[in-house]
Protein chains: 2
Amino acid sequence: MENWKILDSKYIIQQPWATLRVDRLLMPNGHVKDEYYVLEYPSWVNMVALTDQGQMVMVKQYRHGAQQVMVELPAGVVEEEEDAAEAARRELLEETGYAFDDCKLICQLYANPATSGNLTYTYLLTGGKKIQEQQLDDSEDIEVLLMDIDAVKTLLFENKIGQSLHAAALFYAFNAIDPR
Amino acid sequence: MENWKILDSKYIIQQPWATLRVDRLLMPNGHVKDEYYVLEYPSWVNMVALTDQGQMVMVKQYRHGAQQVMVELPAGVVEEEEDAAEAARRELLEETGYAFDDCKLICQLYANPATSGNLTYTYLLTGGKKIQEQQLDDSEDIEVLLMDIDAVKTLLFENKIGQSLHAAALFYAFNAIDPR
């Protein structure tokens with residue numbers, strides 16, 4: 001099975017938080033798709049972050065797409081000229097004030113490969129210690145939760161981690177911590 | 001923690017495959033976010049579909065966001081005036097030609113609750129029989145794969161199911177089939 005060929009491409013909007021492109025595509029069977037929409041994003045990171053006491057650092061925040069407050073993994077965007085592991089450590093420090101000894105990649109996933117090409121990298125970090133206060137600006141409101149691993153596992157198995165990237169990441173993390 | 005208040009809202013684009021809205025939001029701390037982008041989509045369904053021989057029905061197709069051919073769960077969109085379980089059965093029949101005895105909801109997840117509010121429902125279907133040929137139009141190219149459950153489990157644990165909604169769904173499905 002072959003990739004489809006881009007015949008033409010133009011941007012509808014290019015903003016820091018929304019970049020939407022429309023492509024004209026040639027399929028291998030000769031069919032032309034006139035309007036295929038693609039969302040462009042930078043790489044993202046999710047962090048399964050354990051303190052030196054063995055607790056998991058989670059965050060609670062309002063998510064305006066779903067219009068509800070949700071419990072999630074700490075997460076963020078990989079900045080230009082930064083590698084994903086650096087971004088994981090930087091975002092954790094800013095969002096939670098914790099620094100970690102080890103940082104290991106455990107999975108990489110697409111949020112939706114039909115509509116966007118960016119990968120989300122999940123890191124398992126261990127040995128976390130709080131070394132500073134959260135560093136948020138006025139446009140952020142993030143509550144840090146320290147949870148027992150079993151409590152997070154219960155949330156996951158009860159389908160209460162609503163973000164699919166985070167649910168998948170936690171399954172990989174629990175398997176990395178305690179292999180099947 | 002409270003929801004943020006929508007002060008103003010306007011559409012950038014409203015197309016069948018791309019609806020992008022920009023909201024002006026008031027945070028509880030008084031901060032106003034001038035441009036918060038939200039993507040509107042219908043509900044989606046993913047299907048973990050087992051034949052009466054105990055094989056899993058998977059699909060292979062080109063995904064233009066990621067610009068690669070991927071192995072995925074059968075999936076689709078819930079049409080208006082259709083419930084999600086009906087959509088699961090209809091999409092499976094169209095994409096694969098299989099009909100199923102049982103259909104059970106096993107999880108519901110947001111692709112990304114920061115940017116969109118639609119849920120993806122995952123159904124576990126069993127007792128599948130091929131009753132007709134695939135019904136695709138020229139704009140679709142989907143190869144049906146019948147895989148042993150263990151082979152899909154291996155793909156999942158090797159991080160080769162790249163779509164996060166599908167990876168999470170498969171973890172829930174394997175747990176439903178064979179509880180931890």
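See the structure shown above.
Here is a short report on the structure shown in this document. Just so we're clear, the structure is a prediction, and the values are computed from it rather than from any experiment.

Another point: the interface of chain B and chain A. Taken together, the contacts link 68 residues of chain B with 68 residues of chain A. The largest contributions to the chain B side of the interface with chain A come from Met 1, Tyr 62 and His 64 of chain B, which together make up 13% of the buried area. Where chain B touches chain A, the interface holds zero salt bridges. Joining chain B to chain A, the criterion identifies 27 residue pairs in polar contact (both at pLDDT 80 or more).

Glancing now at the sheet that holds strand S2 (residues 18–26) of chain A. Residue and element names in this part refer to chain A. Taken in spatial order, the three strands of this open sheet run S1-S2-S3, and their pairing is antiparallel. The outermost strands of the open sheet, each flanked by one partner alone, are strand S1 (5–15) and strand S3 (32–39). When the angles between neighbouring strand axes are averaged without regard to direction, this sheet yields 20°. Sheet analysis places S1 next to S2, joined by nine bridges and oriented antiparallel. Following the sheet pairing, Gln 15 is matched in S2 by Ala 18.

Taken as a whole and judged by the stated rule, the model has eleven aromatic pairs over all chains. Between Phe 157 of chain A and Phe 171 of chain A, the aromatic rings sit 5.6 Å apart at their centres with planes inclined by 80°, giving edge-to-face as the arrangement. With a gap of 14 residues between them, Phe 157 of chain A in helix H2 (residues 149–157) and Phe 171 of chain A in helix H3 (residues 164–177) connect regions that are remote in the sequence. Residue classification places Phe 157 of chain A among the partly exposed positions, given a relative accessible area of 23%. Residue classification places Phe 171 of chain A among the buried positions, given a relative accessible area of 8%. When the centroid spacing of 4.8 Å and the interplanar angle of 10° are considered together, the rings of Phe 171 of chain A and Phe 171 of chain B count as stacked. With Phe 171 of chain A in helix H3 and Phe 171 of chain B in helix H3 (residues 164–177), this pair bridges two chains. Among the aromatic residues, those joined into a ring-pair cluster are Phe 157, Phe 171 and Tyr 172 of chain A together with Phe 157, Phe 171 and Tyr 172 of chain B. Over the ring of Phe 174 of chain A we find Lys 153 of chain A; its NZ or CZ atom is 5.1 Å from the centre of that ring.

Definitions and limits used
- Residues numbered from 1 in each chain as written.
- Chains lettered and ligands numbered in written order.
- Predicted model: local features only at pLDDT ≥ 70, side-chain atom pairs only at ≥ 80, totals over all residues.
- Heavy atoms only, no water.
- Contact = heavy atoms within 4.5 Å.
- Buried area = accessible area lost by both parts, 1.4 Å probe.
- Salt bridge = Lys/Arg side-chain N within 4 Å of Asp/Glu carboxyl O.
- Polar contact = N/O pair within 3.5 Å; in protein donor to acceptor, adjacent residues only side chain to side chain.
- Pairing = 2+ DSSP bridges.
- Helix = DSSP H or I, 4+ residues; strand = E, 2+ residues; numbered from the N terminus.
- Axes fitted to C-alpha atoms, helices over the stretch in contact; angles between N-to-C directions.
- Phe/Tyr/Trp six-rings, centres within 6.5 Å; stacked < 30°, edge-to-face > 60°.
- Buried < 20%, exposed > 50% of the residue type's maximum accessible area, 1.4 Å probe, protein only.
- Lys NZ or Arg CZ within 6 Å of the ring centre and 35° of its normal.

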